[in-house]
Amino acid sequence: MFAENLMFSLNATVPVFMMMVFGWFVRKVGLLDDHSTAQINKFVFKTLLPALLFMDLSTADFIKVWDNRFVLFCITATLISVLIALVYSLLHKEKAERGEIIQASYRSSAAILGIAFVKNIYGEATMAALMIVGTVPIYNIIAVIALSLTSPDKSNSKSGKQLFLTTLKGIVTNPIILGIAVGIVWSLLKIPQPVILSKSVSYLANMATPLSLIALGASFKIEDAKGKLPVTLGIVFIKLVLFCGVFLPVAVHIGFRGEKLIAILVMLGSATTGSCFVMAKNFGHKGTITAFAVMLTTLCSAFTLTTWLFVLKSLGYI
């Protein structure tokens, strides 16, 4: 039983991280550079992931798969996670870096790793999409507020109205949210999909997971690990261990199992998303803590996610 559960966990995590290692390798040998990696990330984020989410939701019975408790749990856990991240940031003396600490501590690779893990185990990402519905808007709202209010560049400090408009624009124009919204509407209206459309979308959707993981691995730079080790180790612990230790038992107690529990696990315990660095730089932050957090959480999550999966599988929850 131990060996069987361990193999289940490794089968779920190792292929995902092998794609990331492959991405790191092809960048090292010069097949990808910073520019091409950035372009791939943009292409995946703006086209492939929305296509994947649209495909999964538009072909599902959305009314049947919708779960108020699940979405509400994702929202609540995310908000509490933000509060924990805020408290941790207040322990840091450098006020200008607190926004980076907050964002790096709570913001997961929900879209990329969430979809990758759930699809790798269950073959579809419907529950991952529902999790994204509950988390991504909050991710955007808190990130804009935290980074703006703590920006060392005063020209990036925004008034209340500017904050609201920037946040609203970020949500409304987010390709992931748009892909989910169109998929939900398509499902609710029961619009038929011609074979030409479904095959074309599936071609795009099938590229999303491997290409996004390769790009994520190619973005991984050891040289970004400059100083800030103590505060970053705190972020790693909060991101990969604490949140899971606090919220997974609650999720199990509520009754979440299988695909829903995997989606919650990834929401809580996956690596800090690479988009945090871009956002931090856009708001005038140095980005050193963010880059280090992305690197270190990505590296460590290969082991922590495997461990969490093994524990959940051994206890019979997935």
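Structural data are supplied above this passage.
**Describing the overall build of the protein chain**
For step 1, the next point in the chain: Check the secondary structure of the protein chain and you find 14 helices and zero strands.
For step 2, the next point in the chain: Counting the 318 residues in the protein chain, one finds 52% classified as buried.
For step 3, the next point in the chain: Sequence-distant contacts, at least 24 apart, represent 85% of the contacts inside the protein chain between residues at least 6 apart.
For step 4, the next point in the chain: For the protein chain, the exposed surface amounts to about 14,600 Å²; the carbon and sulfur share of it is 71%.

**Observations concerning empty space enclosed by the protein**
For step 1, the next point in the chain: Under the counting rule described, the total for this entry stands at one cavity of 30 Å³ or more.
For step 2, the next point in the chain: Reported here for the largest cavity is a volume of approximately 60 Å³.
For step 3, the next point in the chain: As for the largest cavity, its lining consists of Ala 77, Thr 78, Ser 81, Tyr 106, Ser 108, Tyr 139, Lys 239, Phe 243, Met 267 and Leu 268.
For step 4, the next point in the chain: Along the lines of polarity and charge, the residues of the lining of the largest cavity split into six nonpolar, three polar and one charged.

**Notes on the layout of surface pockets**
For step 1, the next point in the chain: Quantified by volume, the largest pocket comes out at close to 1,600 Å³.
For step 2, the next point in the chain: Forming the boundary of the largest pocket are 48 residues, of which Gly 274, Ser 275, Phe 277, Val 278 and Met 279 lie nearest the centre.
For step 3, the next point in the chain: Elements represented by at least two residues in the lining of the largest pocket include exactly helix 2 (34-58), helix 6 (110-122), helix 7 (126-149), helix 8 (160-172), helix 9 (175-188), helix 10 (195-218), helix 13 (275-282) and helix 14 (288-314).
For step 4, the next point in the chain: For the lining of the largest pocket, the element with the most residues is helix 2, which contributes nine residues.
For step 5, the next point in the chain: Residues that form the lining of the largest pocket fall into these classes: 22 nonpolar, 17 polar and nine charged.
For step 6, the next point in the chain: Looking at the second largest pocket, its volume works out to about 220 Å³.
For step 7, the next point in the chain: In this structure, the second largest pocket is lined by twelve residues; those nearest its centre are Met 20, Val 21, Phe 220, Thr 298 and Leu 299.
For step 8, the next point in the chain: Contributions of two or more residues to the lining of the second largest pocket are made by helix 1 (2-28), helix 10 and helix 14.

**Overview of the side chain of Asn 140**
For step 1, the next point in the chain: Within the secondary structure layout, Asn 140 lies in helix 7.
For step 2, the next point in the chain: With residues up to four places along the chain from it excluded, the contact list for Asn 140 reads Arg 107, Gly 170, Ile 171, Asn 174 and Met 279.

**Examining a nonpolar patch on the surface**
For step 1, the next point in the chain: A cluster of nonpolar side chains, Val 21, Phe 22, Trp 24, Phe 25, Val 29 and Leu 31, forms an exposed patch at the surface whose accessible area comes to about 590 Å².
For step 2, the next point in the chain: Inspection of the secondary structure assignment puts Leu 31 in the loop between helix 1 and helix 2.
For step 3, the next point in the chain: Judged by its relative accessible area of 66%, Leu 31 falls in the exposed class.

**Some words on the packing of helix 12 (residues 258-269) against helix 14**
For step 1, the next point in the chain: Relative orientation of the contacting elements helix 12 and helix 14 amounts to 150 degrees, with a least axis distance of 11 Å. On the basis of their axis angle, the class for helix 12 and helix 14 is roughly antiparallel. Note on packing geometry: the crossing formed by helix 12 with helix 14 is right-handed. Taken together, the residues of helix 14 that come into contact with helix 12 (itself represented by Leu 261, Ile 262, Leu 265 and Gly 269) are Ser 301, Leu 305, Trp 308, Leu 309 and Leu 312.
For step 2, the next point in the chain: Residues that form the contact of helix 12 with helix 14 fall into these classes: seven nonpolar, two polar and no charged.

**Some points on the environment of Arg 107**
For step 1, the next point in the chain: Tracing the sequence through the fold places Arg 107 in the loop between helix 5 (98-106) and helix 6.
For step 2, the next point in the chain: Residue Arg 107 is classed as buried on the basis of its relative accessible area, which comes to 9%.
For step 3, the next point in the chain: In this structure, the C-alpha to C-alpha distance between Arg 107 and Val 136, residues 29 residues apart in sequence, is 8.9 Å.
For step 4, the next point in the chain: The contacts of Arg 107, once residues within four sequence positions are left out, are Tyr 139, Asn 140, Ala 143, Lys 239, Ala 271, Thr 272, Thr 273, Ser 275, Cys 276 and Met 279.
For step 5, the next point in the chain: Among the polar contacts listed, one links the side chain of Arg 107 to the side chain of Gln 103, at a separation of 2.9 Å.

**Quick look at helix 13**
For step 1, the next point in the chain: Within the sequence span of helix 13, burial applies to Cys 276, Met 279 and Ala 280. Angular distribution of buried residues about the axis of helix 13 spans 100 degrees; they occupy a single face of the element.
For step 2, the next point in the chain: Residue Gly 284 follows helix 13 closely and has a positive phi angle near 85 degrees.

**Things to note about the packing of aromatic side chains**
For step 1, the next point in the chain: Enumeration over the complete set of coordinates arrives at four aromatic pairs.
For step 2, the next point in the chain: For the pair Phe 70 and Phe 256, a centre-to-centre distance of 5.7 Å together with 80 degrees between the ring planes defines the contact as edge-to-face. Within this pair, whereas Phe 70 is found in helix 4 (residues 68-89), its partner Phe 256 is found in the loop between helix 11 (229-254) and helix 12, the two being separated by 186 residues in sequence.
For step 3, the next point in the chain: Given a relative accessible area of 0%, Phe 70 falls into the buried group.
For step 4, the next point in the chain: Using a relative accessible area of 2% as the deciding quantity, one classes Phe 256 as buried.
For step 5, the next point in the chain: For the pair Tyr 106 and Tyr 139, a centre-to-centre distance of 5.7 Å together with 50 degrees between the ring planes defines the contact as tilted. Taken together, the residues Tyr 106 in helix 5 and Tyr 139 in helix 7 connect sequence positions 33 residues apart.

**With respect to the packing of helix 7 against helix 9**
For step 1, the next point in the chain: Packing of helix 7 against helix 9 leaves a shortest axis separation of 10 Å and a crossing angle of 135 degrees. It follows from the interaxial angle that helix 7 and helix 9 lie oblique. Judged by the twist between their axes, the crossing of helix 7 over helix 9 is left-handed. Counted together, Ala 129, Ile 132, Val 133, Val 136 and Pro 137 of helix 7 and Ile 176, Ile 177 and Ile 180 of helix 9 form the full contact between these two elements.
For step 2, the next point in the chain: Across the contact of helix 7 with helix 9, the residue classes break down as eight nonpolar, no polar and no charged.

About the cut-offs
- Residues numbered from 1 in each chain as written.
- Predicted model: local features only at pLDDT ≥ 70, side-chain atom pairs only at ≥ 80, totals over all residues.
- Heavy atoms only, no water.
- Helix = DSSP H or I, 4+ residues; strand = E, 2+ residues; numbered from the N terminus.
- Buried < 20%, exposed > 50% of the residue type's maximum accessible area, 1.4 Å probe, protein only.
- Contact = heavy atoms within 4.5 Å.
- Areas by Shrake-Rupley, 256 points an atom, 1.4 Å probe, with all protein chains shown as cover.
- 1 Å grid on protein atoms, 1.4 Å probe; cavity = no way out; pocket = protein on both sides within 12 Å on 5 of 7 lines; lining within 4 Å.
- Points joined across faces, edges and corners; volume = space filled by probe spheres on them.
- Nonpolar A, V, L, I, M, F, W, Y, C, P; charged D, E, K, R; others polar.
- Patch = residues over 30% accessible without salt bridge, like charges linked within 9 Å, V, L, I, M, F, W, Y side chains within 5 Å.
- Salt bridge = Lys/Arg side-chain N within 4 Å of Asp/Glu carboxyl O.
- Axes fitted to C-alpha atoms, helices over the stretch in contact; angles between N-to-C directions.
- Parallel < 35°, antiparallel > 145°, perpendicular 65-115°, else oblique.
- Left-handed = near helix turned anticlockwise from the far one by under 90°.
- Polar contact = N/O pair within 3.5 Å; in protein donor to acceptor, adjacent residues only side chain to side chain.
- Arc of directions from axis to C-beta.
- Phe/Tyr/Trp six-rings, centres within 6.5 Å; stacked < 30°, edge-to-face > 60°.

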